[in-house]
Structure formats: C-alpha cells, structure tokens
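Each chain, written out:
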Amino acid sequence: MKFKFKIKIPLYNDGNPVPPPMIMPSGVKVNIPSTITGSGFVNVMDTDITQDDGTVVHAKGIEGGLDLTIVPVKIRVAGNIGVSTLTQGNREGIGLFIGLLVEFPSPIVLGSSGLGLYGLSGLFAMHYRRLEDPAVPMDPVGPALKWLIKAEGEPYKLYNSSNQRLWSPNFDRWSFGVGVILGTLDAGITANFQGMFILELPGPRILITVKMKFISVKPKDVKDDVQKITTGILAVIDLDFGRQQITIGVMINYEIEKILKLTIPVELFFKLNDPSNWHFWLGTLKVPASAEILGIVRGSAYFMIQGHDFTYPTALPYVKPGAPILGRTLTGVAIALGLEASLVLGDEDIGLYLKVGAGFHVGVSFSPFVIVGTMYFVGELRLFIVSIG
C-alpha cells in the first residue's frame with residue numbers, strides 16, 4: 001500500500017496566530033498481488049464554504065474514495081465518503097456523503113432482451129448538495145446536464161478525474177440515489193448504459209441521469225484495417241417541482257476515428273406555471289451543434305423553436321452591422337435556425353492557414369407572421385501576423 005501526501009503550510013492568518021503545518025494525505029494505492037488492486041484519495045477539510053443561499057459555513061472533516069478490484073472473484077467496488085462538521089453561528093450539524101458502485105464479474109442476464117445487469121450504484125447525501133453552475137441564457141447545456149458532464153456520467157463520486165469537486169457540504173440539503181449498469185452480453189462492448197434515479201430535498205427535485213456508449217468496428221476497405229465508430233450520450237431528465245419546471249437535456253457525441261467528430265446538444269424545457277414558456281433547442285446561436293470532417297471541414301448548426309419571444313443579438317459573426325436580423329425580436333411562437341460550414345487548410349493555432357466559409361441565419365414568427373434572414377460568404381488567408389480577407 002502506498003500513500004502520497006500534501007503539506008499545507010499557512011503563512012498568514014489575517015493577524016491571528018498562524019496554525020501549524022498540516023500533513024494532508026491525497027493519494028492511496030493498494031496492490032496485494034493476486035488479491036486486491038486499486039487506488040483512491042483522502043482529503044482533509046477545514047475551510048469556509050459558501051452555501052446555495054449565499055451564506056457561509058465552516059466545514060471541518062475528511063473525505064475520501066477508494067476504487068478496488070477483488071482479483072479472485074473479479075468484483076469491482078468503488079466508494080466515496082465524506083464526513084464533516086458544519087458550523088454557522090450557534091448552529092452545528094454533521095454532513096455525510098456516501099457513494100457506492102459495485103460491478104459484477106459477469107452479467108445477470110435479463111431474460112431474452114440481449115442485455116445483462118453488470119452492476120449497481122447508489123448514493124446518500126445529508127447536508128451535502130451538487131455543485132451546479134448557474135443557468136446561462138441561450139445555452140442548450142443546462143446546469144444539470146453540465147454537472148453530469150463534469151461528473152463524467154458518474155453521480156456517486158465526490159470529485160471527478162480532474163479533481164473538480166462535484167458535491168459540497170450544505171445545511172438542509174438531502175439526496176438519495178439508486179442506479180444500474182446495463183450492457184450487451186459481449187461484456188458491454190457494443191453498448192453499455194449507466195443510469196441513476198436521484199431524489200433531492202427540499203424541492204422536491206428528481207433527476208434521472210443516463211450515460212450511454214455504443215461502439216462498433218467496421219472495415220475501412222478490403223484490407224484488414226479496422227475503424228472504430230463511437231457514440232456517447234449523456235442525458236438528464238430534471239423534474240424540478242420547486243421551480244415548477246421540467247428540463248430534458250441530451251449531449252450526443254459521435255466519432256468515426258480520424259474521419260468525423262459530431263457534437264449535438266439538445267434541450268427540451270417546460271415551465272409548468274407558464275404555458276408559453278417552453279422551448280426545444282437543437283444547438284443554439286450561442287452553442288451550436290458542431291461537426292469536423294477529416295480535420296479540415298468544420299460546420300455548425302442550430303434549430304430553435306420556443307413558445308415565447310426570441311430576440312437576435314445586436315451582432316453576429318460575419319454579419320454586417322445594420323442587417324435587418326440584428327436585434328430583431330420574433331414575437332409569440334418563434335423559430336430560428338442557422339448553418340455554417342468552412343474549409344480550413346493549414347493550422348489556425350500557429351496563424352498559418354486558408355479559410356473559406358459560408359453560412360446563413362433564418363428566423364420565423366407567427367404573431368404576426370414574419371420571416372427574416374441573412375446569408376454570408378467569408379474567406380481569409382492568414383500568414384502569421386498578416387491577414388488577407
């Protein structure tokens with residue numbers, strides 16, 4: 001067993017006595033030959049934390065995680081736990097987070113469906129909350145989906161692989177989750193699915209998270225070389241009864257190795273107490289769906305339909321100032337769509353390239369009936385510090 005340590009040496013404490021250095025273990029490795037292998041982490045907390053209501057609490061405790069494989073029976077067990085004491089004025093409380101994943105050595109076959117149950121997961125959080133970013137206008141990747149992407153589709157973890165915190169102590173926040181891992185009977189190589197049902201209180205708020213991956217291998221030509229095709233999907237169904245809204249967010253990534261990369265963000269939104277406040281976005285002006293072909297042809301597109309007014313920004317890339325579409329508001333039910341494609345020869349990062357592109361934006365409203373649009377063509381030759389276009 002191996003440990004890695006971080007040493008925290010305070011140099012200043014706002015005029016108060018400087019506390020002594022702290023030894024903070026951060027990495028753990030376990031390797032018992034032919035028995036158990038794995039790794040994990042340990043973090044010691046002693047800091048002020050801002051809660052979701054903007055108030056500050058002092059959290060002191062310990063958090064850790066361990067991902068083990070029991071070699072003889074080929075069972076994987078991964079767990080995260082956090083225990084902290086929260087202090088805010090005269091109030092004190094205990095924060096507790098437990099996340100667990102168990103993967104079986106072989107699937108439990110689910111009848112004649114062609115699928116098997118490969119594992120189970122769960123979580124319990126008391127005085128802990130998910131660290132969601134605020135909603136960004138015109139972004140089809142909403143806060144819940146953005147959090148799931150940051151969590152890499154694994155809600156039971158306290159931190160992601162980049163050591164970004166996913167859950168944080170917070171008074172009066174509770175979460176309960178249960179999930180499954182499903183896959184095809186070829187060890188889940190062709191398709192695998194990881195989902196979790198999460199109930200958050202107060203609210204209540206229900207999240208159904210989904211992580212799916214499809215892989216297929218097809219020949220490039222008559223030779224034996226193979227070409228991997230990968231499709232990844234992250235999705236969240238967010239039923240937020242406290243805010244009276246329902247959001248379904250999906251992020252689709254499709255890749256044909258060395259040939260095509262495709263990213264499609266999708267969001268469907270309903271405001272339960274306002275029937276006109278709804279939208280379906282397949283990409284947006286701000287964050288469109290994108291594609292790259294052979295590393296030289298790039299494209300982006302969006303399709304937006306919503307039940308309330310839509311206003312174009314006062315400036316758009318490559319659209320001339322004063323164009324009728326800029327700043328235009330489409331009233332009532334509105335549709336906006338656009339497409340851009342470009343061919344890039346060279347390297348944009350070093351500033352040596354030739355770029356040729358074209359695109360359009362179109363908007364339609366029905367109260368009253370209005371159609372606006374614009375089209376553009378662009379070209380640029382960049383020679384380091386010199387640009388012609």
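Everything discussed here concerns the structure shown above.
Let us look at the structure shown here. (Residues numbered from 1 in each chain as written. Predicted model: local features only at pLDDT ≥ 70, side-chain atom pairs only at ≥ 80, totals over all residues. Heavy atoms only, no water.)

1. Quick word on the nonpolar core
Okay, step 1: Phe97, Tyr128, Leu145, Trp147, Leu158, Trp167 and Val236 are the most contacted members of the largest nonpolar core, which has 27 residues in total.
Okay, step 2: Those elements that place two or more of their residues in this core are strand E3 (36-50), strand E6 (91-109), strand E7 (115-130), helix H1 (143-150), strand E8 (167-184), strand E9 (191-201) and strand E11 (226-240).
Okay, step 3: Tryptophan 167 has contacts with Phe97, Leu123, Ala125, Tyr128, Arg129, Arg130, Leu131, Trp147, Pro155, Lys157, Leu158 and Ser175, leaving out every residue within four places of it along the chain.
Okay, step 4: Leu285, Tyr302, Ile325 and Val372 belong to the second largest nonpolar core, which has 17 residues in total. (Core = buried A, V, L, I, M, F, W, Y, C linked by side-chain atoms within 4.5 Å. Buried < 20%, exposed > 50% of the residue type's maximum accessible area, 1.4 Å probe, protein only. Helix = DSSP H or I, 4+ residues; strand = E, 2+ residues; numbered from the N terminus. Contact = heavy atoms within 4.5 Å.)

2. Concerning the pattern of salt bridges
Okay, step 1: This structure, assessed with the given rule, holds 13 salt bridges.
Okay, step 2: A salt bridge links glutamate 154 to lysine 157; the nearest nitrogen and oxygen atoms lie 2.8 Å apart.
Okay, step 3: Aspartate 238 serves as the salt-bridge partner of arginine 205, at 2.6 Å between the closest nitrogen and oxygen. One end of the pair, arginine 205, is in strand E10 (residues 205-219); the other, aspartate 238, is in strand E11, with 33 residues separating them in the sequence.
Okay, step 4: Its relative accessible area of 9% is what places arginine 205 among the buried residues.
Okay, step 5: By relative accessible area, aspartate 238 is classed as buried at 6%. (Salt bridge = Lys/Arg side-chain N within 4 Å of Asp/Glu carboxyl O.)

3. Concerning the environment of proline 155
Okay, step 1: Looking at where proline 155 falls in the secondary structure, it is placed in the loop between H1 and E8.
Okay, step 2: For the pair proline 155 and leucine 100, spaced 55 residues apart in sequence, the C-alpha to C-alpha distance is 9.9 Å.

4. Focus on the side chain of glutamate 63
Okay, step 1: Here glutamate 63 lies in strand E4 (residues 56-70).
Okay, step 2: Residue classification places glutamate 63 among the buried residues on the basis of a relative accessible area of 1%.
Okay, step 3: Ignoring anything within four residues of it in the chain, the contact list for glutamate 63 reads Phe41, Val42, Asn43, Met45, Ile81, Gly82, Tyr128, Leu158, Tyr159 and Arg165.

5. Here we look at the pairing of E3
Okay, step 1: The sheet contact formed by E3 and E4 spans 15 bridges and is antiparallel. Among the inter-strand pairings, glycine 40 is bridged to a residue of E4, identified as leucine 66.
Okay, step 2: A loop of five residues connects E3 with E4, the two strands running antiparallel in sequence, and glycine 54 in this loop sits at a positive phi of about 90°. (Pairing = 2+ DSSP bridges.)

6. Side note on H1
Okay, step 1: Those residues of H1 not exposed but buried are Ala144, Leu145, Trp147 and Leu148. The buried residues of H1 occupy an angular sector of 160° when projected down its axis, which confines them to one face.
Okay, step 2: At the C-terminal side of H1, glutamate 152 shows a positive phi close to 60°. (Arc of directions from axis to C-beta.)

7. Quick look at the packing of aromatic side chains
To describe a pair of aromatic rings, you give the distance between the ring centres and the angle between the ring planes.
Okay, step 1: Inspection of every chain in the model, using the stated rule, returns nine aromatic pairs.
Okay, step 2: Ring geometry for phenylalanine 97 and tryptophan 167: centres 5.1 Å apart, planes at 45°, overall tilted. Separated by 70 residues along the polypeptide, phenylalanine 97 in strand E6 and tryptophan 167 in strand E8 bring together distant segments of the chain.
Okay, step 3: On the basis of relative accessibility, which here comes to 0%, the residue tryptophan 167 falls in the buried class. (Phe/Tyr/Trp six-rings, centres within 6.5 Å; stacked < 30°, edge-to-face > 60°.)

8. As for the pairing of strand E5 (residues 75-88)
Okay, step 1: Here E4 pairs with E5 via 13 bridges, running antiparallel. Bridge pairing in E5 links glycine 64 to isoleucine 81.
Okay, step 2: Hairpin geometry of E4 and E5 is characterised by an intervening segment of four residues between the two adjacent antiparallel strands and by a positive phi of about 55° at lysine 74.
Okay, step 3: Pairing between E5 and E6: 13 bridges, direction antiparallel. By the bridge assignment for E6, threonine 87 is matched with glutamate 92.

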